[in-house]
Amino acid sequence: KAFPSAKDGCRPKMAIDPQALMQERIQRLSTTLSLEEPDRVPICFATETWIASHAGFTVQEIAYDYPKLISACEKVIETYPQDAYWPPFGIWPAPIFDAVGSTQYTVAGSDIDATSAFQWQDSSPMAIEDYPKFIADPLKFIYEEMMPKRSLELGKPWPRNNVAFAKGAVAFGMYLATMGAAFAKWAEVYGMPVLVAGISDPPMDYLSDHFRGFNGIMMDIKRHPDEVVAACEAMYPLALRMATASFGGPPAPFPWIFLPLHVPTYLRPVDFEKFYWPTFSRLINDLADGGYNSLLFLEGDWEPHFPFLAQLPKGRVLGLIEQKIIEAKRAIGNTMCLAGGLSTDLLGYGTPEECV
């Protein structure tokens, strides 16, 4: 059986030593990532805001109440067989955003309905004239100009801005401590590893997501191509640092570093090669050389860029792909491990028989 049911032993039993189960699962995932054949197909899935309703909470409750967030996660772990748990990235810690007055996200129960998923608001707080300052010192520019624009409380006069920053830092520290303790508990009690630890964006995604906005970056590659290339190069050290620092420990091949990718499927291959690929491929290779493995979130249609993905380090990358997984297997299956390929529309609206 490729996909054992709970009664077949996929789900943890009390008689099984959690540490032995933990190592068995990590070995299964690591074997698969390295393009070798495991004892069976690993099962993992992202749950996002669905865990709230599944546990009887609103999204607002688990976004503000960390113990409720952990409780919702554990209900999923206890109910559904899987080989690793996907951290609740879709449940953003709302107290942090409230403390700094963030304008980049709409928060459940604050800006939108209490049961709604968080929303990302695309905007362009960085003006086209700001490119030289960004390129000269991106970290200085982010702290002094971008953060006050993206978070209203940080733009208020001193000392209010410092107090807001301190509140946000404390809230973030509480969130990290809570999640770290939960991860340790899941390993000890359930033998359940966490699938991903560190997180970062390739430089061009940082430019689009946080600074120039999607509309801005699409115009810039036509009107200011040299500035975009230079900005991606300037941002690269911070993108790499974000990945390794957020990993939370010494380099290790597991868990994996999560890289959500947003811009590529809107780029022609010629533009992808010029603007995105140089720093993106360097990030993957530098992480691999440093002892890390990566999980790429391949939303949309990546088929035009398969020739580039085939050049990534072999057996060091998992591609979570949304579309054309059969074509991907033929084109890049000898380079990266593939997951996903299931239609979310079908899973959401199809019959059980159609989904199977």
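The structure under discussion appears in the preceding block.
This is a predicted model, so every value here is computed, not measured. (Residues numbered from 1 in each chain as written. Predicted model: local features only at pLDDT ≥ 70, side-chain atom pairs only at ≥ 80, totals over all residues. Heavy atoms only, no water.)

Q: Mind showing me how you'd approach the sheet that holds strand β5 (residues 294-298) here?
A: Backbone-to-backbone hydrogen bonds pair the strands of a sheet. The strands run either parallel or antiparallel. If you trace the 5 strands from one edge of the open sheet to the other, you get β3-β4-β5-β6-β7, paired in parallel fashion. The strands lining the two open edges of the sheet, one partner per strand, are β3 (196-199) and β7 (337-340). The sheet shows a mean angle of 30° between the axes of neighbouring strands, taken without regard to direction. Two strands pair when backbone bridges link them, and strand β4 (residues 256-261) and β5 are joined in this way by 5 bridges, in the parallel orientation. Bridging from a neighbouring strand, I257 pairs with S294 of β5. Strands β3 and β4 of the sheet are contacted by helix α10 (residues 225-247), whose axis makes an angle of about 145° with β3. The sheet strands contacting helix α13 (residues 325-332) are β6 (317-321) and β7, and the helix crosses β7 at an angle near 175°. (Pairing = 2+ DSSP bridges. Helix = DSSP H or I, 4+ residues; strand = E, 2+ residues; numbered from the N terminus. Axes fitted to C-alpha atoms, helices over the stretch in contact; angles between N-to-C directions. Contact = heavy atoms within 4.5 Å.)

Q: Would you mind showing me how to read unusual backbone geometry here?
A: Across the chain, the bulk of peptide bonds are trans and the bulk of non-glycine residues have phi less than zero. Cis peptide bonds are those with omega within 30 degrees of zero, and the linkage from W158 to P159 qualifies with 10°. Tracing the backbone shows P159 in the loop between α7 (138-150) and α8 (160-190). Residue P255 is bonded to the preceding F254 through a cis peptide linkage, with omega at 0°. In this structure, P255 sits in the loop between α10 and β4. A positive phi angle, near 55°, is found at E48, a position not held by glycine. Looking at E48, the relative accessible area reads 30%, which means it is partly exposed. With a phi angle near 55°, K324 is a residue other than glycine that sits in the positive phi range. Within the element layout of this structure, K324 appears in the loop between β6 and α13. (Buried < 20%, exposed > 50% of the residue type's maximum accessible area, 1.4 Å probe, protein only.)

Q: Looking at this model, I keep getting lost on the side chain of N161. Mind explaining?
A: Mapped onto the fold, N161 is located in helix α8. Taking the relative accessible area as the measure of exposure, N161 reaches 18% and is therefore buried. The residues contacting N161, other than those within four sequence positions of it, are E153, L154 and K156.

Q: Help me understand the nonpolar core, please; the structure alone is not making it clear to me.
A: Where a protein is soluble and globular, its nonpolar side chains tend to be buried together. Counting residues in each nonpolar core, the largest one holds 50 residues, and the members touching the most others are F134, M204, F211, F280, L296 and L309. The element that contributes the greatest number of residues to this core is α10, accounting for 9 residues. Residues contacting F280, with those up to four places away along its chain left out, are P202, L261, F272, L296 and L309. I91, A94, M192 and V194 belong to the second largest nonpolar core, which has 29 residues in total. (Core = buried A, V, L, I, M, F, W, Y, C linked by side-chain atoms within 4.5 Å.)

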